[in-house]
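The chain contents come next:
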Amino acid sequence: MELKEYLIETFKFNDVANKQLLGKIKLLGNVDESIRLFSHLINTQCKWMATVMHYPGYENLSWWDPVYSCDRLEEEWDKSTGIWVNYITRKTDEELLAESISVNFENAVWAAPLKDIALQLNYHSIHHRAQIQMIIRQQGIEPDFLDYIGTKVKKLS
């Protein structure tokens, strides 16, 4: 499997898992922290894309704001994931291995390969999804099985 295909597959897995998670979030009595964490995932994907593309003011975008209403989370998630899948689709593996150079809010210059930024977004999603799964369990609701392997195994007998 090519790097590009792997990255797209990973974004698609996180897309399906996070949308399934949204169904559980809507059942919670107290949704505030789950919505804050899910909004953070959206904002992170948007901020990283703005950084990679060097959009004006990218260094000042927030990782945490805005916090979206529960009814807007899926729409905003679709947008933030779609920009990454489309971006990666247009890149070659060689381009994905190239470094992206940016300046952060402290005017420090840094570089990271595009593939590592994409991987970070997906690993970051897994991290916060686990936090939200704990919130779901703490509120007395059984969380869904959202492990990657659950999408890959097949029953043979």
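In this report, we go over the structure that sits alongside the text. (Residues numbered from 1 in each chain as written. Predicted model: local features only at pLDDT ≥ 70, side-chain atom pairs only at ≥ 80, totals over all residues. Heavy atoms only, no water.)

This part is about the side chain of Ser100. By the element assignment, Ser100 lies in strand E1 (residues 99-103). The exposure class of Ser100 is buried, given its relative accessible area of 6%. Apart from the residues within four sequence positions on either side, Ser100 is in contact with Val52, Trp110, Ala111, Ala112, Leu114 and Ile117. (Helix = DSSP H or I, 4+ residues; strand = E, 2+ residues; numbered from the N terminus. Buried < 20%, exposed > 50% of the residue type's maximum accessible area, 1.4 Å probe, protein only. Contact = heavy atoms within 4.5 Å.)

Here we come to the packing of helix H1 (residues 3-25) against helix H5 (residues 114-138). Relative orientation of the contacting elements H1 and H5 amounts to 20°, with a least axis distance of 10 Å. Taken as axis vectors, H1 and H5 run roughly parallel relative to one another. For the pair H1 and H5, the crossing hand works out as left-handed. Facing Leu3, Tyr6, Leu7, Thr10, Phe11, Phe13, Asn14, Ala17, Asn18, Leu21, Lys24 and Ile25 of H1, the residues of H5 in contact are Lys115, Ala118, Leu119, Leu121, Asn122, Tyr123, Ser125, Ile126, Arg129, Ile132, Gln133 and Ile136. Partitioning the contact of H1 with H5 into residue classes produces 15 nonpolar, six polar and three charged. (Axes fitted to C-alpha atoms, helices over the stretch in contact; angles between N-to-C directions. Parallel < 35°, antiparallel > 145°, perpendicular 65-115°, else oblique. Left-handed = near helix turned anticlockwise from the far one by under 90°. Nonpolar A, V, L, I, M, F, W, Y, C, P; charged D, E, K, R; others polar.)

The calculated volume of the largest pocket comes to roughly 150 Å³. If you go around the largest pocket, the residues you meet are Lys47, Trp48, Thr51, Tyr58, Glu59, Trp63, Val103, Asn104, Phe105 and Trp110. Per element, the largest residue contribution to the lining of the largest pocket is three residues, and it comes from helix H2 (residues 32-53). (1 Å grid on protein atoms, 1.4 Å probe; cavity = no way out; pocket = protein on both sides within 12 Å on 5 of 7 lines; lining within 4 Å. Points joined across faces, edges and corners; volume = space filled by probe spheres on them.)

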